[in-house]
Amino acid sequence: MNIVIFGPPGAGKGTQSNLIAKKYNLYQLSTGELLRNEIKNSTKLGKNISSIINSGNLVSNDIVSDLIEKYISNEIYRERLIFDGYPRNLAQAQNLDNLLKKYNQKIDIVLKLSVNLETIKKRILERKTVEKRLDDLEEIAIKRYETYENNIVSVIDFYKQFNLLKVINGELSVDEISNEISALIDAIKGWLYKIRQYKYASI
Ligand code: ADP
(Lines give C-alpha, C1' and ligand atoms only; values in the text may rest on other atoms or scores of the structure.)
Protein backbone atom coordinates (compact mmCIF):
# COMPACT_ATOMS: atom_id res chain seq x y z
CA MET A 1 0.00 0.00 0.00
CA ASN A 2 1.27 3.48 -0.93
CA ILE A 3 -0.01 6.50 0.98
CA VAL A 4 0.22 10.24 0.37
CA ILE A 5 -0.09 12.54 3.38
CA PHE A 6 -0.14 16.29 3.17
CA GLY A 7 -1.08 19.32 5.21
CA PRO A 8 0.33 22.75 6.05
CA PRO A 9 3.64 23.07 7.87
CA GLY A 10 3.15 22.03 11.48
CA ALA A 11 0.07 19.94 10.65
CA GLY A 12 1.68 16.82 12.08
CA LYS A 13 2.39 14.97 8.81
CA GLY A 14 5.77 13.82 10.07
CA THR A 15 4.46 12.59 13.42
CA GLN A 16 1.54 10.73 11.86
CA SER A 17 3.60 9.26 9.01
CA ASN A 18 6.03 7.92 11.54
CA LEU A 19 3.27 6.22 13.54
CA ILE A 20 1.61 4.70 10.45
CA ALA A 21 4.97 3.55 9.12
CA LYS A 22 5.65 1.63 12.32
CA LYS A 23 2.17 0.19 12.63
CA TYR A 24 1.85 -1.04 9.03
CA ASN A 25 5.50 -1.72 8.27
CA LEU A 26 5.71 1.02 5.66
CA TYR A 27 8.56 3.40 4.84
CA GLN A 28 8.21 7.11 5.63
CA LEU A 29 9.55 9.06 2.69
CA SER A 30 9.78 12.65 3.93
CA THR A 31 11.08 14.89 1.16
CA GLY A 32 11.77 17.68 3.69
CA GLU A 33 13.86 15.25 5.75
CA LEU A 34 15.76 14.02 2.68
CA LEU A 35 16.53 17.58 1.65
CA ARG A 36 17.60 18.59 5.17
CA ASN A 37 19.93 15.58 5.25
CA GLU A 38 21.60 16.78 2.06
CA ILE A 39 22.23 20.12 3.79
CA LYS A 40 23.44 18.46 7.00
CA ASN A 41 25.89 16.30 5.03
CA SER A 42 27.10 19.33 3.04
CA THR A 43 26.59 17.56 -0.29
CA LYS A 44 26.73 19.53 -3.52
CA LEU A 45 22.95 19.40 -3.68
CA GLY A 46 22.72 20.46 -0.03
CA LYS A 47 24.81 23.54 -0.70
CA ASN A 48 22.61 24.51 -3.65
CA ILE A 49 19.32 24.18 -1.79
CA SER A 50 20.04 25.44 1.72
CA SER A 51 19.15 29.08 1.04
CA ILE A 52 15.96 28.03 -0.80
CA ILE A 53 14.75 25.87 2.08
CA ASN A 54 15.76 28.27 4.81
CA SER A 55 13.84 31.09 3.14
CA GLY A 56 10.68 28.97 2.98
CA ASN A 57 10.59 28.39 -0.78
CA LEU A 58 10.10 25.14 -2.64
CA VAL A 59 13.05 23.30 -4.14
CA SER A 60 12.73 22.65 -7.88
CA ASN A 61 10.41 19.86 -8.97
CA ASP A 62 13.21 18.05 -10.83
CA ILE A 63 15.47 17.80 -7.79
CA VAL A 64 12.74 16.34 -5.59
CA SER A 65 11.55 14.02 -8.36
CA ASP A 66 15.03 12.51 -8.71
CA LEU A 67 15.18 11.95 -4.95
CA ILE A 68 11.85 10.14 -4.74
CA GLU A 69 12.41 8.04 -7.86
CA LYS A 70 15.32 6.36 -6.07
CA TYR A 71 12.83 5.00 -3.54
CA ILE A 72 9.96 4.24 -5.92
CA SER A 73 12.29 2.23 -8.16
CA ASN A 74 13.74 0.27 -5.24
CA GLU A 75 12.11 -3.16 -4.71
CA ILE A 76 12.61 -2.90 -0.93
CA TYR A 77 10.06 -0.09 -0.77
CA ARG A 78 7.67 -1.47 -3.36
CA GLU A 79 4.03 -0.67 -2.37
CA ARG A 80 5.30 0.36 1.06
CA LEU A 81 5.78 4.11 0.78
CA ILE A 82 4.26 6.96 2.72
CA PHE A 83 4.87 10.16 0.78
CA ASP A 84 5.25 12.79 3.49
CA GLY A 85 5.56 16.25 1.92
CA TYR A 86 5.18 15.15 -1.69
CA PRO A 87 3.38 16.22 -3.85
CA ARG A 88 3.21 19.91 -3.05
CA ASN A 89 1.88 21.23 -6.36
CA LEU A 90 -0.02 19.95 -9.39
CA ALA A 91 3.11 19.22 -11.43
CA GLN A 92 4.43 17.06 -8.58
CA ALA A 93 1.08 15.24 -8.24
CA GLN A 94 1.14 14.41 -11.96
CA ASN A 95 4.79 13.46 -11.75
CA LEU A 96 4.15 11.11 -8.83
CA ASP A 97 1.38 9.45 -10.79
CA ASN A 98 3.70 8.95 -13.78
CA LEU A 99 6.57 7.66 -11.67
CA LEU A 100 4.34 5.15 -9.90
CA LYS A 101 2.92 3.97 -13.23
CA LYS A 102 6.45 3.58 -14.59
CA TYR A 103 7.19 1.11 -11.77
CA ASN A 104 3.75 -0.52 -11.86
CA GLN A 105 2.49 0.91 -8.61
CA LYS A 106 -0.29 3.21 -7.47
CA ILE A 107 -1.51 5.33 -4.58
CA ASP A 108 -4.15 3.72 -2.37
CA ILE A 109 -5.12 6.67 -0.19
CA VAL A 110 -4.43 10.39 0.12
CA LEU A 111 -4.71 11.93 3.57
CA LYS A 112 -5.09 15.65 4.08
CA LEU A 113 -4.53 17.03 7.56
CA SER A 114 -6.47 20.26 8.04
CA VAL A 115 -5.21 22.74 10.63
CA ASN A 116 -5.85 26.47 11.05
CA LEU A 117 -3.14 29.12 10.98
CA GLU A 118 -3.31 29.91 14.72
CA THR A 119 -2.61 26.27 15.66
CA ILE A 120 0.18 26.10 13.12
CA LYS A 121 1.91 29.16 14.56
CA LYS A 122 1.65 27.69 18.06
CA ARG A 123 3.02 24.28 17.03
CA ILE A 124 5.87 25.72 15.00
CA LEU A 125 6.93 27.97 17.86
CA GLU A 126 7.03 24.90 20.11
CA ARG A 127 8.91 22.83 17.52
CA LYS A 128 11.44 25.61 17.01
CA THR A 129 12.70 25.17 20.55
CA VAL A 130 13.15 21.40 20.07
CA GLU A 131 14.26 20.80 16.47
CA LYS A 132 15.97 24.14 15.82
CA ARG A 133 14.98 24.14 12.15
CA LEU A 134 16.09 27.38 10.51
CA ASP A 135 12.86 27.53 8.51
CA ASP A 136 10.75 27.50 11.68
CA LEU A 137 11.22 31.23 12.31
CA GLU A 138 7.74 32.75 12.47
CA GLU A 139 7.87 34.83 9.26
CA ILE A 140 9.38 31.94 7.30
CA ALA A 141 6.78 29.53 8.68
CA ILE A 142 4.00 31.89 7.58
CA LYS A 143 5.62 32.09 4.15
CA ARG A 144 5.66 28.26 3.99
CA TYR A 145 2.00 28.22 4.99
CA GLU A 146 1.15 30.67 2.18
CA THR A 147 3.15 28.65 -0.33
CA TYR A 148 1.21 25.57 0.78
CA GLU A 149 -2.18 27.30 0.52
CA ASN A 150 -1.39 28.69 -2.94
CA ASN A 151 -0.32 25.38 -4.42
CA ILE A 152 -2.42 22.78 -2.70
CA VAL A 153 -5.89 23.50 -4.16
CA SER A 154 -4.93 22.01 -7.51
CA VAL A 155 -3.42 18.96 -5.76
CA ILE A 156 -6.66 18.45 -3.84
CA ASP A 157 -8.70 18.68 -7.05
CA PHE A 158 -6.34 16.25 -8.74
CA TYR A 159 -6.88 13.55 -6.10
CA LYS A 160 -10.62 14.23 -5.77
CA GLN A 161 -11.14 13.12 -9.37
CA PHE A 162 -9.67 9.70 -8.46
CA ASN A 163 -11.73 9.49 -5.27
CA LEU A 164 -8.62 9.00 -3.17
CA LEU A 165 -8.83 12.00 -0.84
CA LYS A 166 -9.70 11.73 2.86
CA VAL A 167 -9.71 14.89 4.98
CA ILE A 168 -8.73 14.58 8.62
CA ASN A 169 -9.12 17.13 11.38
CA GLY A 170 -5.50 17.89 12.31
CA GLU A 171 -6.59 19.89 15.37
CA LEU A 172 -7.28 16.67 17.30
CA SER A 173 -4.75 14.97 19.57
CA VAL A 174 -1.94 12.84 18.09
CA ASP A 175 -3.71 9.65 19.26
CA GLU A 176 -7.12 10.66 17.95
CA ILE A 177 -5.70 11.51 14.53
CA SER A 178 -3.70 8.34 14.41
CA ASN A 179 -6.78 6.24 15.29
CA GLU A 180 -8.76 7.94 12.56
CA ILE A 181 -6.02 7.27 10.00
CA SER A 182 -5.67 3.65 11.11
CA ALA A 183 -9.42 3.11 10.65
CA LEU A 184 -9.21 4.47 7.10
CA ILE A 185 -6.21 2.29 6.26
CA ASP A 186 -7.82 -0.81 7.78
CA ALA A 187 -10.95 -0.23 5.71
CA ILE A 188 -8.89 -0.04 2.53
CA LYS A 189 -6.82 -3.06 3.46
CA GLY A 190 -9.99 -5.08 4.05
CA TRP A 191 -11.32 -3.93 0.74
CA LEU A 192 -8.12 -4.81 -1.13
CA TYR A 193 -8.19 -8.24 0.50
CA LYS A 194 -11.77 -8.82 -0.69
CA ILE A 195 -10.86 -7.83 -4.25
CA ARG A 196 -8.00 -10.31 -4.25
CA GLN A 197 -10.24 -13.08 -2.93
CA TYR A 198 -12.84 -12.28 -5.56
CA LYS A 199 -10.18 -12.48 -8.28
CA TYR A 200 -9.07 -15.92 -7.09
CA ALA A 201 -12.67 -17.11 -6.79
CA SER A 202 -13.36 -16.16 -10.40
CA ILE A 203 -10.31 -17.91 -11.88
P1 ADP B 1 6.83 21.54 6.34
O2 ADP B 1 5.74 20.77 5.73
O3 ADP B 1 6.65 21.79 7.80
O4 ADP B 1 7.11 22.79 5.56
P5 ADP B 1 8.85 19.71 5.34
O6 ADP B 1 9.91 19.03 6.13
O7 ADP B 1 7.83 18.84 4.69
O8 ADP B 1 8.17 20.71 6.34
O9 ADP B 1 9.52 20.63 4.21
C10 ADP B 1 10.51 21.57 4.52
C11 ADP B 1 11.00 22.29 3.25
O12 ADP B 1 11.61 21.34 2.36
C13 ADP B 1 9.93 22.99 2.41
O14 ADP B 1 9.61 24.29 2.87
C15 ADP B 1 10.61 23.02 1.03
O16 ADP B 1 11.58 24.04 0.95
C17 ADP B 1 11.36 21.69 0.99
N18 ADP B 1 10.52 20.64 0.39
C19 ADP B 1 10.00 19.55 1.03
N20 ADP B 1 9.26 18.81 0.20
C21 ADP B 1 9.30 19.44 -1.00
C22 ADP B 1 8.71 19.18 -2.27
N23 ADP B 1 7.90 18.13 -2.46
N24 ADP B 1 8.97 20.04 -3.29
C25 ADP B 1 9.75 21.10 -3.11
N26 ADP B 1 10.34 21.42 -1.95
C27 ADP B 1 10.10 20.60 -0.89
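Above: the structure in question.
Every residue gets a number counted from 1 within its own chain, in the order that chain's sequence is written. Side-chain atom pairs in this predicted model are given and counted only at pLDDT of 80 or more, local residue features only at pLDDT of at least 70, and totals for whole chains, interfaces and linings cover all residues. Where side-chain values are given, they derive from all heavy atoms of the structure, hydrogens and water being excluded.

A. Quick look at the layout of surface pockets. As a volume, the largest pocket reaches approximately 1,100 Å³. Buried and open spaces are told apart on a 1 Å grid over the protein atoms alone, a cavity being a set of points where a 1.4 Å probe fits but cannot get out and a pocket being an open set with protein on both sides within 12 Å along at least five of seven lines. Residues with an atom within 4 Å of a point are the lining residues. In terms of lining residues, the largest pocket is bounded by 50 residues, among which Lys 13, Gly 14, Arg 36, Arg 127 and Arg 133 are the most central. Grid points are joined across faces, edges and corners, and a volume is the space filled by probe spheres set on the points.

B. Local environment of the site of the ligand. Near residues are defined by distance, with any heavy atom within 4 Å of the molecule or strand qualifying the residue. Around the ligand, the surrounding shell holds 20 residues, and the nearest of these are Lys 13, Thr 31, Asn 57, Gln 92 and Arg 144. In protein, a polar contact means a hydrogen-donor-capable atom and an acceptor-capable atom, both N or O and within 3.5 Å, with residues adjacent in sequence counting only if both atoms are side-chain atoms; elsewhere, any N or O pair within 3.5 Å suffices. In the model, an oxygen atom of the ligand is placed 3.4 Å from a nitrogen or oxygen of the Arg 127 side chain. At a separation of 3.1 Å, an oxygen atom of the ligand approaches a polar side-chain atom of Arg 133. If you tally residues by element for the shell around the ligand, the top one is helix α2 (residues 31-40), at 4 residues. Going along the chain from the N terminus, every DSSP run of H or I of four or more residues is numbered as a helix, and every run of E of two or more is numbered as a strand.

C. Looking closely at the pattern of salt bridges. For salt bridges, the criterion is a side-chain nitrogen of Lys or Arg within 4 Å of an Asp or Glu carboxyl oxygen. Summed over all chains, the structure comprises 10 salt bridges. One salt bridge connects Lys 102 with Glu 69, and the closest N-O pair in it is separated by 2.7 Å. With Lys 102 in helix α5 (residues 90-102) and Glu 69 in helix α4 (residues 61-72), this pair connects stretches of sequence that are 33 residues apart. The exposure class of Glu 69 is buried, given its relative accessible area of 18%. In this structure, the salt-bridge partner of Arg 144 is Asp 136, at a minimum N-O distance of 3.1 Å. Buried, partly exposed and exposed residues are distinguished by accessible area as a fraction of the type maximum, computed with a 1.4 Å probe on protein chains only: under 20%, between the cut-offs, and over 50%, respectively. Residue classification places Arg 144 among the buried residues on the basis of a relative accessible area of 12%. Judged by relative accessible area, which is 0%, Asp 136 ranks as buried.

D. Spatial organisation of empty space enclosed by the protein. Under the counting rule described, the total for this entry stands at 2 cavities of 30 Å³ or more. Quantified by volume, the largest cavity comes out at close to 50 Å³. Together, Leu 117, Ile 120, Lys 121, Ile 124, Leu 125, Glu 138, Ala 141 and Ile 142 line the largest cavity. Elements supplying a minimum of two residues to the lining of the largest cavity: α6 (117-131) and α7 (138-160). A per-element tally of the lining of the largest cavity places α6 first, with 5 residues. Of the residues in the lining of the largest cavity, the class split is 6 nonpolar, no polar and 2 charged. Taken as a whole, the second largest cavity holds about 30 Å³ of empty space. Taken together, Phe 6, Gly 7, Lys 13, Gly 85, Tyr 86, Pro 87, Arg 88, Tyr 148 and Ile 152 form the lining of the second largest cavity. Residues are grouped as follows: Ala, Val, Leu, Ile, Met, Phe, Trp, Tyr, Cys and Pro are nonpolar; Asp, Glu, Lys and Arg are charged; every other residue, Gly included, is polar.

E. Structural context of the sheet that holds strand β1 (residues 3-6). Two strands qualify as a pair provided DSSP detects at least 2 bridges between them. Across the sheet, 5 strands lie side by side as β2-β3-β1-β4-β5; this open sheet has parallel pairing. The strands lining the two open edges of the sheet, one partner per strand, are β2 (27-30) and β5 (165-169). Between one strand axis and the next, the sheet turns by 20° as a mean value, whatever way the strands run. With 4 bridges connecting them, β1 and strand β4 (residues 109-114) associate as parallel partners. The residue of β4 that forms the bridge with Phe 6 is Lys 112. Note on contacts: a residue pair is in contact if any heavy atoms of the two residues lie within 4.5 Å. Axes, fitted as lines to C-alpha atoms, cover a helix only where it is in contact. Angles between the N-to-C directions of the axes lie from 0 to 180 degrees. Packed onto the sheet, α2 meets β2 and β3 (81-84) and runs at close to 65° relative to β2.

F. Expanded view of the pairing of β1. With burial as the criterion, each face of β1 is covered, one bearing Ile 3 and Ile 5 and the other bearing Val 4 and Phe 6. Pairing of β1 with β3, which is carried by 3 bridges, proceeds in the parallel orientation. Bridge assignment links Val 4 to a residue of β3, and that residue is Phe 83.

G. How the structure looks around the nonpolar core. Take the buried Ala, Val, Leu, Ile, Met, Phe, Trp, Tyr and Cys residues and link them wherever side-chain atoms come within 4.5 Å; each set so joined is a nonpolar core. Judged by nonpolar contacts, the single largest core of 31 residues is most densely connected at Phe 6, Leu 96 and Tyr 159. For this core, the secondary-structure elements that each account for two or more residues are β1, α2, α3 (44-54), α4, β3, α5 and α7. Non-local contacts of Tyr 159, meaning those with residues more than four positions away in its chain, are made with Val 4, Phe 6, Pro 87, Ala 93, Leu 96, Ile 107, Val 110, Leu 164 and Leu 165. Counting 23 residues, the second largest nonpolar core, distinct from the first, contains Ile 20, Ala 21, Ile 124 and Ala 141.

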